[in-house]
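# Summary of the model geometry
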Amino acid sequence: QVQLVESGGGLVRPGGSLRLSCVVSGRIFSIYTMGWYRQTPGKQRELVASITSGGRTNYGDSVKGRFAISRDNAKNTVYLQMNSLKPEDTAVYSCNQAGPRTWSWGQGTQVTVSS
């Protein structure tokens, strides 16, 4: 059974930075394309960034140039470096496979951008 444990969220001022981490257990992590998603109340979950097993990355238009996804296969961990944060980035951030099939979701980590 896969476990996803996200961490690193918090309260940050506009323009600030945060680094999120997600540890994946229960699968051969390195073979999966991983993604970071975010969700706000009343809205559908949105894929904001993904990274293939080979390290190829892709970003949503709203975060391109500000966010950077990376992975450490030895640690079964995927990261999301978030810079130049805006209030509209406020959401619960979660990681999972990037694609039509996902594992059960972890608890996510809350990111709040506010002055």
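Just so you know, the residues in each chain are numbered from 1, in the order the chain's sequence is written. Reporting in this predicted model follows two pLDDT cut-offs: at least 70 for local features of residues, and 80 or more for side-chain atom pairs to be given and counted; totals over whole chains, interfaces and linings ignore these cut-offs and use all residues. Calculation of side-chain values draws on the structure's entire complement of heavy atoms; hydrogens and water are dropped beforehand.

### Details of the side chain of Thr109
Rule in force here: In DSSP terms, a helix is any run of H or I states spanning at least four residues, a strand is any run of E spanning at least two, and both are numbered starting from the N terminus. Any N or O atom pair separated by 3.5 Å or less is treated as a polar contact, with the protein-specific requirement of one donor-capable and one acceptor-capable atom, and with residues adjacent in sequence counted only for side-chain atom pairs. In this analysis, two residues are considered to be in contact whenever any of their non-hydrogen atoms come within 4.5 Å of each other.
Following the sequence through the fold, Thr109 ends up in strand S10 (residues 109-113). At a separation of 2.9 Å, a polar atom in the side chain of Thr109 contacts the main-chain amide nitrogen of Gly9. Not counting residues within four places of it along the chain, the set of residues in contact with Thr109 comprises Glu6, Ser7, Gly8, Gly9, Leu20, Ala91, Val92 and Tyr93.

### Topic: the pairing of strand S9 (residues 91-97)
Here is the rule: Throughout this description, buried means an accessible area under 20% of the type-specific maximum (1.4 Å probe, protein chains only), exposed means over 50%, and partly exposed covers the range between. Pairing between strands requires that DSSP locate at least two bridges from one strand to the other.
With six of seven residues buried, S9 lies mostly within the body of the structure. In the sheet, strand S4 (residues 34-39) pairs with S9 via six bridges, with the strands oriented antiparallel. Note that in S9 the partner of Gln39 across the bridge is Val92. As defined by bridge partners, S9 adjoins S10 across three bridges and the pair is classed as antiparallel. Directly across from Val92, in S10, lies its bridge partner Gln110.

### Observations concerning the sheet that holds strand S5 (residues 46-51)
Just so we agree on the cut-off: Comment: axis = line fitted to C-alpha atoms, over the contacting stretch for helices; angle = value between 0 and 180 degrees taken between N-to-C directions.
The sheet built from six strands is open, its strands ordered S2-S10-S9-S4-S5-S6 with mixed pairing. Strand pairing shows two members of the sheet lacking a second neighbour, strand S2 (10-12) and strand S6 (57-59), which therefore form its edges. Neighbour-to-neighbour, the strand axes of this sheet turn through a mean angle of 25 degrees, independent of strand direction. Pairing of S5 with S6, which is carried by three bridges, proceeds in the antiparallel orientation.

### Regarding the state of the cysteines
Using the following cut-off: By convention in this document, the label disulfide applies to cysteine sulfur atom pairs within 2.5 Å.
Inspection of every chain in the model, using the stated rule, returns one disulfide. At a sulfur-sulfur separation of 1.7 Å, the disulfide partner of Cys22 is Cys95. Placement of Cys22 in strand S3 (residues 18-25) and of Cys95 in strand S9 is noted, with a sequence separation of 73 residues between them.

On their own, these measurements won't tell you what the molecule is for.
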